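Here is how the chains run, residue by residue.
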Amino acid sequence: MDILAVAGSLRRGSYNLQLAQEAGRVVARTHPDVGFSILDWADVPLLDEDAEHPAPAAVKRVRKAVRDADGVWLFSPEYNHAIPGGLKNLLDWLSRPGDAGEPPVLARKPVALAGASIGSSGATHAQDQLVGVLSFLDARIMNKPRLSIAHVGTQAEDGALSLSASAPYLKAQADAFVRFVERARCR
Ligand SMILES: Cc1cc2nc3c(=O)[nH]c(=O)nc-3n(C[C@H](O)[C@H](O)[C@H](O)COP(=O)(O)O)c2cc1C
């Protein structure tokens, strides 16, 4: 089984990227047979229908990474109580058929939602919106458990994430998502 993590922030020191990296360490420790990688999507251009076909190379690459993964685990902040624009743009590209009419890669794909934010909402506004977008794309969303980390700065020092209170919840989500993907693969 291969899990692909997607961080919704492009910031070099992103807490959400660090959370994804920590998730990778948890998976390696507790599910050593499960592959885990983090998608690099920084070079995906803004979607412009006039430039949709042929798809830009970066788009082809991220579509292939999602198609090849058994499950996609999103780690995203929220921007102004909403999905960060860059992540929404990525999802929009992933929602479109390929150049030869290949089906959109998120259809029937198991997806888990995690996120961290500086504020008190723990990125839940973005997660609620992601549920709407992803269900429209017919992804298989793992509704429970979601992982939401509010005031993420309290679990970091000098910008370095060091999970304390949230660590058991990350482990619980990893266990649940591995089971969820396994069940989806059996169907
Ligand atoms: C444009 C913008 C809007 C933001 N809006 C929110 C918000 O609505 N709620 C919140 O808790 N934090 C908000 N923040 C702060 C983010 O939680 C914080 O920058 C966080 O570190 C971003 O995630 P990252 O560390 O993964 O980059 C916002 C940040 C930016 C840049």
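Before reading further, recall that the structure is shown in the block above.
A.B. asks: What exactly am I supposed to notice about the environment of Val-105 here?
C.D. replies: Position of Val-105 among the secondary structure elements: in the loop between α3 (85–94) and β4 (110–116). Owing to 24 C-beta atoms within 10 Å, Val-105 belongs among the buried residues under this scheme. Sequence separation between Val-105 and Ser-162 is 57 residues, and the spatial gap between their C-alpha atoms is 33 Å. Not counting the four nearest positions on each side in its chain, Val-105 is found in contact with Arg-63, Val-66, Arg-67 and Leu-94.

A.B. asks: Even after reading the chapter, I still don't get the pairing of strand β2 (residues 35–38), so can you show me in this structure?
C.D. replies: One face of the sheet, then the other: side chains in a regular strand alternate in exactly this way. The pairing of strand β1 (residues 2–7) with β2 spans 4 bridges and is classified as parallel. Across the sheet, residue Asp-2 finds its bridge partner in β2, namely Gly-35. One crossover worth recording links β1 to the parallel β2 by way of helix α1 (residues 15–30), and it is right-handed.

A.B. asks: Even after reading the chapter, I still don't get the packing of helix α2 (residues 57–68) against α3, so can you show me in this structure?
C.D. replies: Angle between the axes and distance between the axes are the two parameters that describe a pair of packed helices. Running from N to C, α2 and α3 point in directions that differ by 80°, and their axes come no closer than 10 Å. The angle between α2 and α3 falls in the class roughly perpendicular. Touching Val-59, Val-62, Arg-63 and Val-66 of α2 are Leu-90, Trp-93 and Leu-94, all from α3.

A.B. asks: Hey, could you run me through the site of the ligand in this one?
C.D. replies: Neighbouring the ligand are 14 residues; Ser-9, Asn-16, Pro-77, Ser-117 and Gly-119 lie closest to it. Residue classes in the shell around the ligand are distributed as 4 nonpolar, 8 polar and 2 charged.

A.B. asks: Looking at this model, I keep getting lost on the packing of α1 against helix α5 (residues 167–186). Mind explaining?
C.D. replies: Closest axis-to-axis distance for the α1/α5 pair is 10 Å, and the angle between their directions is 60°. Here α1 lies oblique to α5, going by the angle between them. Between α1 and α5 lies a crossing whose hand is right-handed. Where α1 approaches α5, its residues Glu-22, Ala-23, Val-26, Val-27 and Thr-30 are matched on the opposing element by Leu-170, Lys-171 and Ala-174.

A.B. asks: I keep staring at the pairing of strand β3 (residues 71–75) and nothing clicks. Help me out?
C.D. replies: Here β3 lies mainly inside the structure; 5 of its 5 residues are buried. Alternating positions in β3 separate into two faces, Gly-71, Trp-73 and Phe-75 on one and Val-72 and Leu-74 on the other, with burial throughout. Where β1 lies against β3, 5 bridges are found, and the strand directions are parallel. In the strand pairing of β3, Val-6 is matched with Leu-74. Between β3 and its parallel partner β4, the chain crosses via α3, and the hand of that crossover is right-handed.

A.B. asks: Would you take a moment to explain the nonpolar core for this structure?
C.D. replies: When a protein is soluble and globular, its nonpolar side chains tend to lie buried together. In this structure, Ala-5, Val-66, Trp-73, Leu-74 and Phe-75 are the most contacted members of the largest nonpolar core, which totals 51 residues. Sort the elements by how many residues they give to this core and α1 lands first, with 6 residues. Ignoring anything within four residues of it in the chain, the contact list for Trp-73 reads Ile-3, Ala-5, Ala-23, Ala-112, Ala-114 and Phe-177.

A.B. asks: Just to check I follow, could you spell out α1 for this structure?
C.D. replies: One turn of the α-helix equals 3.6 residues, which is why residues spaced by three or four share an orientation. Spanning 16 residues, α1 covers 22 Å between terminal C-alpha atoms, matching the ideal 22 Å at 1.5 Å per step. Every buried residue of α1 is listed here: Tyr-15, Asn-16, Leu-17, Gln-18, Leu-19, Ala-20, Ala-23 and Val-27.

A.B. asks: Where do I start with unusual backbone geometry in this structure?
C.D. replies: Peptide bonds are trans in most cases, and residues, glycine excluded, mostly fall at negative phi. Cis geometry is adopted by the peptide bond preceding Pro-54, which originates at His-53 and carries an omega value of -5°. One can find Pro-54 in the loop between β2 and α2. For the bond running from Lys-144 to Pro-145, omega is -10°, close enough to zero to count as cis. Structurally, Pro-145 is set in the loop between β5 (140–141) and β6 (147–149). You will see that Asn-80, though not glycine, has its phi angle at about 50°, which is positive. Tracing the chain through its elements places Asn-80 in the loop between β3 and α3. With 9 C-beta atoms packed within 10 Å, Asn-80 lands in the exposed category. Despite not being glycine, Ala-123 shows a phi value in the positive range, around 65°. By the secondary structure assignment, Ala-123 is in the loop between β4 and α4 (124–136).

Conventions used here
Residues numbered from 1 in each chain as written. Predicted model: local features only at pLDDT ≥ 70, side-chain atom pairs only at ≥ 80, totals over all residues. Helix = DSSP H or I, 4+ residues; strand = E, 2+ residues; numbered from the N terminus. Buried ≥ 20, exposed ≤ 12 C-beta atoms within 10 Å, placed from the backbone. Contact = placed C-beta atoms within 7 Å. Pairing = 2+ DSSP bridges. Right-handed = clockwise from strand over helix to strand, strands pointing away. Axes fitted to C-alpha atoms, helices over the stretch in contact; angles between N-to-C directions. Parallel < 35°, antiparallel > 145°, perpendicular 65-115°, else oblique. Near = placed C-beta within 6 Å. Nonpolar A, V, L, I, M, F, W, Y, C, P; charged D, E, K, R; others polar. Left-handed = near helix turned anticlockwise from the far one by under 90°. Core = buried A, V, L, I, M, F, W, Y, C linked by C-beta atoms within 7 Å. Expected span 1.5 Å × (residues − 1).

Geometric descriptors of this kind do not, in isolation, establish any biological role.
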